[in-house]
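Next come the chains, spelled out residue by residue.
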Amino acid sequence: MEILDGKKVSNQIKEELAVEVAQMKARGEKVPHLAAVLVGNDGASLTYVGSKVRSCEKIGFESTLIHLPEETTEEELLKQVENLNKNTDIDGYIVQLPLPKHIDEQKVLMAVDPDKDVDGFHPANFGKMALDMESFIPATPFGIMELLRRYNIDTEGKHAVVIGRSHIVGRPISILLSQKGKAANATVTLTHSRTKDLKAITVQADIIISALGVPNFLKEDMVKEGVVVIDVGITRVPDETRKRGYYITGDVDFENVSKKASHITPVPGGVGPMTIAMLLKNTLLARERHNASNA
Ligand SMILES: Nc1nc(=O)c2c([nH]1)NC[C@@H]1CN(c3ccc(C(=O)N[C@@H](CCC(=O)O)C(=O)O)cc3)C=[N+]21
């Protein structure tokens, strides 16, 4: 059994990005600039946005955090988005999800300039991705594909079972895994809450991508020997004996499933860090595309 070490691979990717940034600087070019908009004080969101800012600093990107109060109106947020679209200094930005309930998430995501949409959540990017056109690929699915690639895990002709049909993980990873091309060509089954007899499907899987957010959901009797398991679930479980007052856990009963798996991602240290690395990668791509269009 081999652990797919997302922490290690993400650090490698960040080192590669740092080299590219240094070369940009040496050529006298502007370095990539990523912005994040955070509305409210959700703990997990603060952690995620914080580590994004630290990663930017580490590799030489510029970063801007726009932290707005919970009571921000939809109109005010749309104004911020409009300003970011207009600000030519910003190469890419994300609006951290979830947004407070009084704000229409879809309306906000639709307002993001697709050329700055490093999350790849705008319909223009999602559509291009589905059609194999150049776009921004959402960071989590992009990170999963990159992790498989860097561990030389062959997906060609394999049966990949995706659990969860969210717009940010399940749906896009099912598209990417089924695409033509070197790193994909899998046969994909996309399962969800209405799937009948999930176990009958997961036991057939060569690769399982679990993106559900239910701790200990995937158990050893649901997988076959030699399966590749990618655990995208991240749940905070309150625990007062821990320094931070919680621990985080994935969807997979790691202790038992890992005995049968050929490869498995841990939580923490698996897909999460890869997500951040690929968001940075997308920001570098945005900078390069903006450079090319200005030339
Ligand atoms: N517009 C938008 N884009 C996102 O990509 C986005 C979002 N909103 N909202 C929330 C989710 C979640 N997400 C994570 C990224 C990294 C870790 C991560 O690095 N996790 C660490 C542990 C962090 C901890 O200890 O809490 C790990 O798995 O090792 C977690 C979660 C990005 N998301």
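This is a predicted model, so every value here is computed, not measured. (Residues numbered from 1 in each chain as written. Predicted model: local features only at pLDDT ≥ 70, side-chain atom pairs only at ≥ 80, totals over all residues. Heavy atoms only, no water.)

Peer 1: What should I look at first to understand the domain arrangement of the chain in this one?
Peer 2: Quoted interface sizes are often the accessible area lost when the parts come together. Here the chain is partitioned into domain 1 (27-113) and domain 2 (139-272). With centres defined by C-alpha atoms, the gap from domain 1 to domain 2 works out at 28 Å. (Domains from an automatic or database assignment.)

Peer 1: I'm lost on the nonpolar core in this one. Help?
Peer 2: Side chains that are nonpolar tend, in soluble globular proteins, to be buried together. With 50 residues, the main nonpolar core has I144, L177, I209, I230, V232 and L280 as its most contacted residues. The biggest single contributor to this core is helix α10 (residues 271-294), with nine residues. For this core, the domains that each give at least three residues are domain 1 (27-113) and domain 2 (139-272). Setting aside residues no more than four positions away along its own chain, L177 makes contact with M145, L148, T155, A160, V162, A184, N185, A186, V188 and I209. (Core = buried A, V, L, I, M, F, W, Y, C linked by side-chain atoms within 4.5 Å. Buried < 20%, exposed > 50% of the residue type's maximum accessible area, 1.4 Å probe, protein only. Helix = DSSP H or I, 4+ residues; strand = E, 2+ residues; numbered from the N terminus. Contact = heavy atoms within 4.5 Å.)

Peer 1: Could you clarify how one ought to interpret the pairing of strand β3 (residues 62-68) in this entry?
Peer 2: Side chains on a regular strand alternate between the two faces of the sheet. When strand β2 (residues 33-39) meets β3, the two strands line up parallel, connected through seven bridges. Its bridge partner lying in β3, V39 is registered against L68. With helix α2 (residues 43-59) bridging β2 and the parallel β3, this β-α-β connection has right-handed handedness. (Pairing = 2+ DSSP bridges. Right-handed = clockwise from strand over helix to strand, strands pointing away.)

Peer 1: Is there a simple way to think about unusual backbone geometry in this case?
Peer 2: Among all residues save glycine, negative phi is the norm, and among peptide bonds the norm is trans. Cis geometry marks the peptide bond from L97 to P98, where omega comes out at 0°. For P98, the location among the structural elements is in the loop between β4 (92-95) and α4 (105-111). Cis geometry is found at the peptide bond from V267 to P268, where omega equals 0°. Look at D132: it is not a glycine, yet its phi comes out positive at around 65°. If you trace the backbone, D132 turns up in the loop between α5 (123-130) and α6 (139-150). The residue N216 is not glycine, and still its phi comes out positive at about 60°. Mapped onto the elements of the fold, N216 is located in the loop between β7 (207-210) and β8 (228-231).

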